[in-house]
Amino acid sequence: MMTENSDSLCRLNTDVLLSVFEHSLPDRGLRSLSSSCRWIREETMPVLFRRCLVTVAEPICADRFLPQTLWPYVYHLSLRDECPDRAAARFYSSRKPRLHFTDDPLLCGIMDPEFLRTTLRAMPRLQSISLDFMCRESHGLGWDSLAAILSTPQLRSFTLAQFMFSPRHSLTTDSVEFLAPLTTFRHEQRALRSELRRFLCQEAALGVVIGRLRHTLECLLLASEVAPFRTLMANQWPRLKELHLIGDFHPSPDSLIPFVTLLAEMPKLRVLKLELALRSYVHRKDLKLWPLDHEARFPWPDLVDLVVSFPSPEDRIYSHLPRSMRRLSLRCTPHHYFYSWKENRLSHLHSPILHASEMLKLLPHINTPDLEELCLEYRADAAEDELLVCVAQRFPRLTSLEMHRFQSDTGSSVTATGVGLRLAKLEKLLTLRLYDDNLPLPRFATLQRNAAIIADKLARPDVRLWLLRISSDPCWYPYRLVAKQSVDEEPRVEVNPLGHSGLQVYPFDDDY
């Protein structure tokens with residue numbers, strides 16, 4: 001029987017009704033609402049089952065998949081691999097473990113291509129698929145399974161996380177003739193990055209696949225270790241808006257071509273993120289986007305967001321950034337403090353971080369007064385105060401600023417008071433994140449004292465101040481200024497213990 005409330009809901013059109021239901025999702029209120037009557041249950045189905053997760057531990061089949069009654073509602077499907085053979089490659093050469101569902105220890109045997117090909121095509125709203133597994137193992141997906149997924153006609157977004165991409169099979173253009181017109185393609189790797197280059201046929205396979213998709217792709221994320229640089233340079237990408245290259249930078253004849261030429265055929269690019277770590281034998285100059293002696297034109301007139309690892313003051317790119325820029329990150333990858341805290345795990349990498357004086361040579365070349373978000377990572381030296389003045393003057397519309405300050409041999413005279421006073425000039429600032437390695441493994445009391453000084457000098461209670469505490473579980477902690485009860489009272493801050501957030505170190509956490 002329909003209640004009075006559900007009768008009122010019936011008067012809403014479908015779009016408004018779905019918006020109401022989606023708004024109920026965060027607090028899981030929709031699940032309770034869906035139990036109120038049959039009509040509401042049917043109307044909430046497109047929202048309740050818009051995103052579905054299937055955990056696969058045995059060969060995928062109808063009995064281990066979503067009920068067919070749900071197929072019409074699924075928009076995004078996640079397949080989580082718990083294959084019992086996923087650790088086989090690690091032990092195969094030493095003791096040849098028993099394989100359950102595959103003849104090849106490197107390839108997953110539970111993602112049955114015939115089942116996937118038939119079933120995915122029968123899910124009319126399906127537009128996005130992601131495959132992932134949670135272990136640090138060399139585990140690959142063969143081309144037969146990948147082809148079954150990528151040929152799903154209605155598919156528009158594909159993410160392959162942790163898996164190796166067809167590590168055994170070479171592809172031809174005929175192999176990819178029936179790929180769906182994807183707009184998003186993501187090949188993510190969060191661990192075991194050094195393993196990727198043991199199977200370089202991935203690079204060739206990825207080159208064939210994304211080369212086929214070049215006319216429709218709008219967002220592309222690739223592990224830099226196996227990124228097909230030749231394909232990126234040799235083709236036109238008329239719709240590509242976002243490009244992310246993440247991982248270890250391995251010099252090669254293709255990858256050493258300056259990025260301003262390597263990625264020149266991407267005129268619609270708005271987001272370019274180069275989160276690239278440097279091998280110990282690679283120089284920072286190899287990551288220049290536009291060397292001084294290189295003839296080129298700036299190819300991305302609509303660029304909005306740029307992330308550069310280990311920036312160089314001699315890079316011409318900064319004097320050509322368009323006024324459309326809104327976000328800029330000049331950082332180390334991974335963050336510089338990881339090289340000392342985890343030096344035994346990152347010994348094959350190095351971190352040529354800029355000094356404040358070098359950063360000061362770079363920033364004046366940037367003419368982007370409408371920049372809203374900025375991230376800087378540097379060693380504090382005698383030029384740091386001038387650097388802070390430069391930031392406030394050149395980027396007056398910043399709403400978010402993140403700074404990682406590290407000690408140098410010459411040192412800096414800038415204190416927490418100086419930081420607060422200089423950054424107080426940023427009148428539109430809403431979020432300020434700071435890390436200062438002058439306080440190694442600081443106690444909360446020390447963080448709180450610094451936060452109080454900075455917040456007091458900012459004199460802006462609306463600014464959300466975050467300080468980074470380095471420990472075995474590094475976290476950002478948000479502080480806010482407590483209103484004074486008297487003029488003689490020392491400034492105080494309070495922290496929301498539930499408001500902290502981990503330091504983003506992707507893609508190198510738990511990597512070695």
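- By the naming in an unreviewed UniProt entry, the chain is F-box domain-containing protein, taken from Rhodofomes roseus.

## Side note on the overall build of the chain
Turning to step 1, where the next piece is worked out: For the chain, the helix and strand inventory stands at 16 helices and 20 strands.
Turning to step 2, where the next piece is worked out: Each of the 512 residues in the chain was classed as buried or not, and the buried ones make up 54%.
Turning to step 3, where the next piece is worked out: The long-range share in the chain, meaning contacts at least 24 apart out of those at least 6 apart in sequence, stands at 73%.
Turning to step 4, where the next piece is worked out: For the chain, the exposed surface amounts to about 23,900 Å²; the carbon and sulfur share of it is 48%.

## Here's the deal with the pattern of salt bridges
Where side chains of opposite charge bring their charged atoms close, a pairing between them can arise.
Turning to step 1, where the next piece is worked out: Overall, the coordinates contain 17 salt bridges when judged by the stated rule.
Turning to step 2, where the next piece is worked out: The shortest N-O distance in the salt bridge between Arg 279 and Asp 248 comes to 2.5 Å. Pair noted here: Arg 279 is in strand β10 (residues 271-279) and Asp 248 is in strand β9 (residues 242-249), with a separation of 31 residues, a long-range link. Like Arg 279, the residue Asp 248 is buried in the burial classification.

## Observations regarding the side chain of His 76
Turning to step 1, where the next piece is worked out: As for its placement among the helices and strands, His 76 is situated in strand β2 (residues 76-81).
Turning to step 2, where the next piece is worked out: Judged by its relative accessible area of 9%, His 76 falls in the buried class.
Turning to step 3, where the next piece is worked out: Apart from residues no more than four positions distant in its own chain, His 76 is found in contact with Arg 50, Arg 51, Cys 52, Leu 126, Ser 128, Ile 129 and Ser 130.

## Here's the deal with the pairing of β9
Turning to step 1, where the next piece is worked out: With 7 of its 8 residues buried, β9 lies for the most part within the structure.
Turning to step 2, where the next piece is worked out: The pairing of strand β8 (residues 219-223) with β9 spans 5 bridges and is parallel. Residue Leu 220 lies in a different strand from β9, and its bridge partner there is Leu 243.
Turning to step 3, where the next piece is worked out: Handedness of the crossover joining β8 and β9 through helix α10 (residues 229-234): right-handed.
Turning to step 4, where the next piece is worked out: Two strands pair when backbone bridges link them, and β9 and β10 are joined in this way by 8 bridges, in the parallel orientation. By the bridge assignment, His 244 is partnered in β10 with Lys 273.

## Concerning empty space enclosed by the protein
Turning to step 1, where the next piece is worked out: Evaluated as defined, the whole model comprises 4 cavities of 30 Å³ or more.
Turning to step 2, where the next piece is worked out: In this structure, the largest cavity encloses a volume near 70 Å³.
Turning to step 3, where the next piece is worked out: Lining the largest cavity, in full, are Ala 455, Leu 458, Arg 460, Pro 461, Val 463, Leu 465, Tyr 479, Arg 480 and Leu 481.
Turning to step 4, where the next piece is worked out: Secondary-structure elements contributing two or more residues to the lining of the largest cavity are α16 (444-458) and β18 (475-482).
Turning to step 5, where the next piece is worked out: Here the element with the most residues in the lining of the largest cavity is β18; it accounts for 3 residues.
Turning to step 6, where the next piece is worked out: In terms of residue class, the lining of the largest cavity is made up of 7 nonpolar, no polar and 2 charged.

## Here we look at α16
Every α-helix winds through 3.6 residues per turn, so residues three or four apart in the chain are directed the same way.
Turning to step 1, where the next piece is worked out: Helix length check: α16 (15 residues) gives 21 Å between terminal C-alpha atoms against 21 Å at 1.5 Å per residue, within 8%.
Turning to step 2, where the next piece is worked out: Listed as buried for α16 are Thr 446, Leu 447, Asn 450, Ala 451, Ala 452, Ile 454, Ala 455 and Leu 458.
Turning to step 3, where the next piece is worked out: Where the residues of α16 are buried, they touch α15 (416-423), β16 (431-436), β17 (464-469), β18 and β19 (492-495).
Turning to step 4, where the next piece is worked out: At the C-terminal side of α16, Ala 459 shows a positive phi close to 55°.

## Observations concerning the layout of surface pockets
Turning to step 1, where the next piece is worked out: Taken as a whole, the largest pocket spans an internal volume of roughly 550 Å³.
Turning to step 2, where the next piece is worked out: Lining the largest pocket are 23 residues, with Ser 329, Arg 331, Glu 373, Cys 375 and Glu 402 sitting closest to its centre.
Turning to step 3, where the next piece is worked out: Of all elements in the fold, only β10, β11 (305-309), β12 (327-331), β14 (373-379), β15 (400-406), β16 and β20 (501-502) reach the threshold of two or more residues within the lining of the largest pocket.
Turning to step 4, where the next piece is worked out: No other element matches β12, which puts 4 residues into the lining of the largest pocket.
Turning to step 5, where the next piece is worked out: Its residues placed into classes, the lining of the largest pocket shows 7 nonpolar, 8 polar and 8 charged.

## Overview of the environment of Leu 398
Turning to step 1, where the next piece is worked out: The residue Leu 398 is located in the loop between α14 (384-394) and β15 in this model.
Turning to step 2, where the next piece is worked out: Measuring from C-alpha to C-alpha, the distance between Leu 398 and Leu 374 comes to 7.3 Å, with 24 residues separating the pair along the chain.
Turning to step 3, where the next piece is worked out: Sequence-distant contacts of Leu 398, that is, excluding residues within four places in its chain, are made with Leu 371, Glu 372, Glu 373, Leu 374, Val 391, Leu 426, Lys 428 and Leu 429.

## Things to note about unusual backbone geometry
Peptide bonds are mostly trans, and most non-glycine residues show a negative phi.
Turning to step 1, where the next piece is worked out: Following Thr 333, the chain continues into Pro 334 via a peptide bond in cis, with omega recorded as -10°.
Turning to step 2, where the next piece is worked out: With respect to the secondary-structure elements, Pro 334 resides in the loop between β12 and α12 (338-341).
Turning to step 3, where the next piece is worked out: Its identity as a non-glycine residue notwithstanding, Phe 310 has a phi of 50°, on the positive side.
Turning to step 4, where the next piece is worked out: Structurally, the position occupied by Phe 310 is in the loop between β11 and β12.
Turning to step 5, where the next piece is worked out: Of note in this structure, Ala 459 is not a glycine but carries a positive phi near 55°.
Turning to step 6, where the next piece is worked out: With respect to the helices and strands, the residue Ala 459 is situated in the loop between α16 and β17.
Turning to step 7, where the next piece is worked out: Exposure remark for Ala 459: the relative accessible area of 53% places this residue in the exposed category.

## Details of the state of the cysteines
Turning to step 1, where the next piece is worked out: Summed over all chains, the structure comprises 0 disulfides.
Turning to step 2, where the next piece is worked out: Free of any disulfide, Cys 332 has its nearest neighbouring cysteine sulfur in Cys 375, separated by 9.3 Å.

## Remarks on the side chain of Thr 152
Turning to step 1, where the next piece is worked out: With respect to the helices, strands and loops of the structure, Thr 152 is situated in the loop between α7 (143-150) and β5 (157-161).
Turning to step 2, where the next piece is worked out: From its side chain, Thr 152 meets the backbone oxygen of Ile 149 in a polar contact 2.8 Å long.
Turning to step 3, where the next piece is worked out: Those residues in contact with Thr 152 that sit more than four places away from it in its chain are Leu 120, Arg 121 and Ala 180.

## So, the packing of helix α6 (residues 113-121) against α7
Turning to step 1, where the next piece is worked out: Interaxial distance between α6 and α7 falls to 8 Å at its minimum, and their mutual angle equals 5°. Considering their axes alone, α6 and α7 lie roughly parallel with respect to each other. Every residue of α7 that contacts α6 at Pro 113, Leu 116, Arg 117 and Leu 120 is listed here: Asp 144, Ser 145, Ala 148 and Ile 149.
Turning to step 2, where the next piece is worked out: Its residues assigned to classes, the contact of α6 with α7 shows 5 nonpolar, 1 polar and 2 charged.

## So, the nonpolar core
Turning to step 1, where the next piece is worked out: Judged by nonpolar contacts, the single largest core of 150 residues is most densely connected at Phe 185, Phe 259 and Leu 363.
Turning to step 2, where the next piece is worked out: Setting aside its immediate chain neighbours within four residues, Leu 363 contacts Leu 330, Leu 376, Leu 387, Cys 390, Val 391, Arg 394 and Phe 395.

Procedures and definitions
Chains are numbered independently. Their residues run from 1 in the order of the written sequence. Where local features are concerned, this predicted model is filtered to residues with pLDDT of at least 70; where side-chain atom pairs are given and counted, the filter is 80 or more; whole-chain, interface and lining totals use all residues. Each side-chain value is derived from all of the structure's non-hydrogen atoms; neither hydrogens nor water enter the calculation. By the criteria applied, helices consist of DSSP H or I runs no shorter than four residues and strands consist of E runs no shorter than two, each listed in order from the N terminus. Relative accessible area decides the class of each residue, using a 1.4 Å probe on protein chains only: under 20% of the type maximum gives buried, over 50% gives exposed, and in between gives partly exposed. Two residues form a contact once any of their heavy atoms are found within 4.5 Å. For the accessible areas, the method is Shrake-Rupley and the probe is 1.4 Å, while residue cover comes only from the protein chains on display. By definition, a salt bridge exists where a carboxyl oxygen of Asp or Glu is found within 4 Å of a side-chain nitrogen of Lys or Arg. The criterion for strand pairing is that DSSP finds at least two bridges linking the strands in question. Crossover handedness is defined here as right-handed if the route from the first strand over the helix to the second strand goes clockwise, with the strands pointing away from the viewer. Buried and open spaces are told apart on a 1 Å grid over the protein atoms alone, a cavity being a set of points where a 1.4 Å probe fits but cannot get out and a pocket being an open set with protein on both sides within 12 Å along at least five of seven lines. Residues with an atom within 4 Å of a point are the lining residues. Grid points are joined across faces, edges and corners, and a volume is the space filled by probe spheres set on the points. Gly is put with the polar residues, along with every residue not named as nonpolar or charged; the nonpolar set is Ala, Val, Leu, Ile, Met, Phe, Trp, Tyr, Cys and Pro, and the charged set is Asp, Glu, Lys and Arg. Residue count minus one, scaled by 1.5 Å, sets the expected span of a helix. Here, a disulfide means two cysteine sulfur atoms that sit within 2.5 Å of each other. What qualifies as a polar contact is a pair of N or O atoms within 3.5 Å, subject to a donor-acceptor requirement within protein and to the restriction that residues adjacent in sequence count only when both atoms come from side chains. Angles run from 0 to 180 degrees between N-to-C directions of axes, and those axes are lines fitted to C-alpha atoms, restricted for helices to the stretch in contact. Angles are sorted into four bins: roughly parallel if under 35 degrees, roughly antiparallel if over 145, roughly perpendicular if 65 to 115, and oblique for all others. For the purposes of this section, nonpolar cores are sets of buried Ala, Val, Leu, Ile, Met, Phe, Trp, Tyr and Cys residues that join through side-chain atoms within 4.5 Å.

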